[in-house]
Amino acid sequence: MEPKKENDPDQLGGWQISGRLGEGGFGTVFLAQKGAQKAAIKIIRDSSEGEGIERFQLEIAALKKLNDPYIAKIVDSDLDANVPWFATEFVNGPTLEEKVKYEGILEELSWLNLASNLFHALKSSHAAGVVHKDVKPGNIILGETGNKLIDFGIAHVSGQTRKISIGEFEGSRPYSSPESSTGKSLPGMDVFSAAVTLAFAGLGRTIWQSNSELQLMRSINEDEPDLTGLTDLQRDFLLPLLNKNVSERPTSEAAYSMSLKLIENYGRNDAIRGFSDWVRRSKSRKNKKRDFIFYFGVSIVGIFLIGSLLSGFQNYRLFDSPFSNSQQTTNKPTTYSQVSPSPTTTPGVSRSPITKITETPSPSASKSTIPKPVPSSSGTLDRKSTRLNSSHANIS
């Protein structure tokens, strides 16, 4: 806790202000006391900001719908005061972020207790139609009476609307889900963020590539999480919750039930009983992705081979035809034409059109060409037509 600043209020609604607990985008949180009861009081820094008032109203509406032992409850409020405010129960303890930073990561059983408390809180929220949208280590207090989820400042309440600017991002990017940038408010977003938060509790670091904002966004949407350093139990528990597809993620209720089973059987030889189906979900997702890549690759190779075969067949038809050898030998283009019968006819002899092959002469070639015999329709050479054709050649 930090001491009050010069312009901070001394009391609000009968609550005596004793110090500062934190500061957010629109408000400041103070430690206050009324009699023996302590509370965390949040005020709007600039009460003239319409967006700040709207957020306060939505946060109060969300908290009034919730009654869970792992969510800090609302105890008082006054939005009509000169300085609008509301008070939630005071939870004495560090945030998860502070705990890991100053004392190190959580032991496995403490980690499981945190997972159970967190998913219990989310299960209650989602059942009441509330999506938190900002689950992260800084919004979880490790209290003396249990771990508490706090700060529903950007929560979505079913049936209520709130204006946001186009392109505005809500939440904390390192703990956001792939679908957070779509502007939707889905319960599965909280499940994903809770899994990333639990990974931080067990590793003390991010699980994404985060050298830049753009790389972080790409990593969240495309990369497999780096869970190196977690125990097998922790890793197998988190992988299904980190599914990129929100429709394939377990619900907060399913995650709570599984965490409870793991705690109840912790340390026993059958601790993994009932865990196999859960683990299979994450492995089947990997297998589906691997199979897709395999079959996609096979399809590409198949298409390439078929294309090569067809191309080779066409090349054979074009360049290995019966006429290709003579053409390559003489290097002379050949044309095919139908020659009409000569107007001079011999009585009693009928003449049919004769197919004649002529070659475009080169400068060194002879000007006269002698046509080759042409097979008749019966398959034999038409000697009469050949003689007649030869006589025409001599006459011309």
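No experiment lies behind these values; they were computed from the predicted model shown.

Novice: Looking at this model, I keep getting lost on the overall build of the protein. Mind explaining?
Specialist: Looking only at helices and strands, one finds 10 helices and 12 strands in the protein. Expressed as a percentage of the 396 residues in the protein, the buried residues total 35%. Once local pairs closer than 6 in sequence are excluded, the contacts in the protein between residues at least 24 apart make up 57%. When the accessible surface of the protein is summed, it comes to about 23400 Å², and 53% of that surface belongs to carbon and sulfur atoms.

Novice: Whenever I open this one, the nonpolar core confuses me. Can you help?
Specialist: One finds F119, F152, L198, F237, L238 and L241 to be the most contacted residues of the largest nonpolar core, which totals 55 residues. Breaking this core down by element, the ones donating at least two residues are α1 (50–64), α2 (96–103), α3 (108–127), β8 (140–143), α4 (187–203), α5 (213–222), α6 (232–238) and α7 (252–264). Among the elements that take part in this core, α4 stands out by supplying 10 residues, more than any other. Setting aside anything within four residues of it in sequence, one finds F119 in contact with V191, A194, L198, F237, L241, S252, A255 and Y256. One finds L12, A32, I43 and W85 within the second-largest nonpolar core, a separate group that totals 10 residues.

Novice: Would you take a moment to explain the side chain of T28 for this structure?
Specialist: Here T28 is to be found in strand β3 (residues 27–34). Those residues in contact with T28 that sit more than four places away from it in its chain are R20, G22, E23, I41, K42, I43 and R45.

Novice: So what exactly am I meant to see when it comes to unusual backbone geometry here?
Specialist: For residues other than glycine, phi is negative in most cases, and the peptide bonds are mostly trans. Its identity as a non-glycine residue notwithstanding, K133 has a phi of 75°, on the positive side. Position of K133 among the secondary structure elements: in the loop between β7 (130–131) and β8. Using a relative accessible area of 14% as the deciding quantity, one classes K133 as buried.

Novice: Sorry if this is basic, but what is going on with the packing of aromatic side chains here?
Specialist: In this description, a pair of aromatic rings is defined by centroid distance and the angle of the planes. Applying the stated rule across the entire model yields five aromatic pairs. Consider the rings of F56 and F86, whose centres lie 5.1 Å apart with planes at 75°: the pair is edge-to-face. Of this pair, F56 sits in helix α1 while F86 sits in strand β6 (residues 85–89), placing them 30 residues apart in sequence. A relative accessible area of 2% places F86 in the buried class. Here the aromatic rings of F192 and W208 are separated by 6.1 Å at their centres, their planes lie at 0°, and the arrangement is stacked. Of this pair, F192 sits in helix α4 while W208 sits in the loop between α4 and α5, and the two are 16 residues apart along the sequence. Just as F192 is buried, W208 falls in that class too. Among the aromatic residues, ring-to-ring pairing joins W111, F119 and F237 into one connected group.

Novice: Honestly, the packing of α3 against α7 in this entry has me stumped. Any pointers?
Specialist: In a packed pair of helices, the relevant descriptors are the angle between the two axes and the axis-to-axis distance. Axis separation between α3 and α7 bottoms out at 8 Å; the angle between their running directions is 150°. Between α3 and α7, the interaxial angle falls into the category roughly antiparallel. Taken as a pair, α3 and α7 cross one another with a handedness that is left-handed. For the pair α3 and α7, the contacting residues are L112, N113, A115, S116, F119, H120, L122, K123 and H126 in the first and S252, E253, A255, Y256, S259, L260, L262 and I263 in the second. Broken down by class, the residue content of the contact of α3 with α7 amounts to nine nonpolar, six polar and two charged.

Novice: What exactly am I supposed to notice about the packing of α3 against α4 here?
Specialist: As a packed pair, α3 and α4 sit with axes 11 Å apart at the nearest point and diverge in direction by 165°. With respect to α4, the axis of α3 lies roughly antiparallel. Where α3 crosses over α4, the two elements pack in a sense that is right-handed. Contacts from W111, L114, A115, L118, F119, L122 and H126 in α3 reach P187, D190, V191, A194, L198, A201 and G202 in α4. Tallied by class, residues from the contact of α3 with α4 come to 11 nonpolar, two polar and one charged.

Novice: Is there a simple way to explain the sheet that holds strand β1 (residues 11–12) in this structure?
Specialist: What the six strands build is an open sheet, ordered β1-β2-β3-β4-β6-β5; its pairing is antiparallel. In this open sheet, the two strands that pair with only one neighbour each are β1 and β5 (74–78). Judged from the five bridges that link them, strand β4 (residues 37–44) and β6 form a sheet pairing that is antiparallel. In the sheet register, I43 faces β6, and the bridge partner there is W85.

Novice: I'm lost on the environment of N243 in this one. Help?
Specialist: Residue position: N243 is located in the loop between α6 and α7. N243 sits 51 residues away from F192 along the chain, and the two C-alpha atoms are 7.7 Å apart. From its side chain, N243 meets the backbone nitrogen of N245 in a polar contact 2.9 Å long. Looking at N243, its side chain comes within polar contact range of the side chain of E248, at 3.2 Å.

Novice: Got a minute to help me understand the pattern of salt bridges in this structure?
Specialist: Close approach of charged atoms lets side chains of opposite charge pair. All told, the structure shown has 15 salt bridges when counted by the stated rule. The residue K99 makes a salt bridge to E103 at a minimum N-O spacing of 2.6 Å. Pair noted here: K99 and E103 are both in helix α2, with a separation of four residues, about one helical turn.

Novice: For this particular structure, what's the right way to read the environment of P225?
Specialist: By the element assignment, P225 lies in the loop between α5 and α6. A relative accessible area of 12% places P225 in the buried class. C-alpha of P225 to C-alpha of A199: the two residues are 26 residues apart in sequence and 9.5 Å apart in space. In this view, P225 contacts I207, W208, L239 and L242; residues no more than four positions away in its chain are not counted.

Novice: Is there a simple way to explain the environment of L216 in this structure?
Specialist: Position of L216 relative to the elements: it lies in helix α5. Judged by its relative accessible area of 6%, L216 is buried. It is 7.2 Å that separates the C-alpha atoms of L216 and P174, two residues lying 42 residues apart in sequence. Here L216 is in contact with R173, P174, W208, Q209 and S210, once residues within four sequence places are set aside.

Definitions and cut-offs
- Residues numbered from 1 in each chain as written.
- Predicted model: local features only at pLDDT ≥ 70, side-chain atom pairs only at ≥ 80, totals over all residues.
- Heavy atoms only, no water.
- Helix = DSSP H or I, 4+ residues; strand = E, 2+ residues; numbered from the N terminus.
- Buried < 20%, exposed > 50% of the residue type's maximum accessible area, 1.4 Å probe, protein only.
- Contact = heavy atoms within 4.5 Å.
- Areas by Shrake-Rupley, 256 points an atom, 1.4 Å probe, with all protein chains shown as cover.
- Core = buried A, V, L, I, M, F, W, Y, C linked by side-chain atoms within 4.5 Å.
- Phe/Tyr/Trp six-rings, centres within 6.5 Å; stacked < 30°, edge-to-face > 60°.
- Axes fitted to C-alpha atoms, helices over the stretch in contact; angles between N-to-C directions.
- Parallel < 35°, antiparallel > 145°, perpendicular 65-115°, else oblique.
- Left-handed = near helix turned anticlockwise from the far one by under 90°.
- Nonpolar A, V, L, I, M, F, W, Y, C, P; charged D, E, K, R; others polar.
- Pairing = 2+ DSSP bridges.
- Polar contact = N/O pair within 3.5 Å; in protein donor to acceptor, adjacent residues only side chain to side chain.
- Salt bridge = Lys/Arg side-chain N within 4 Å of Asp/Glu carboxyl O.

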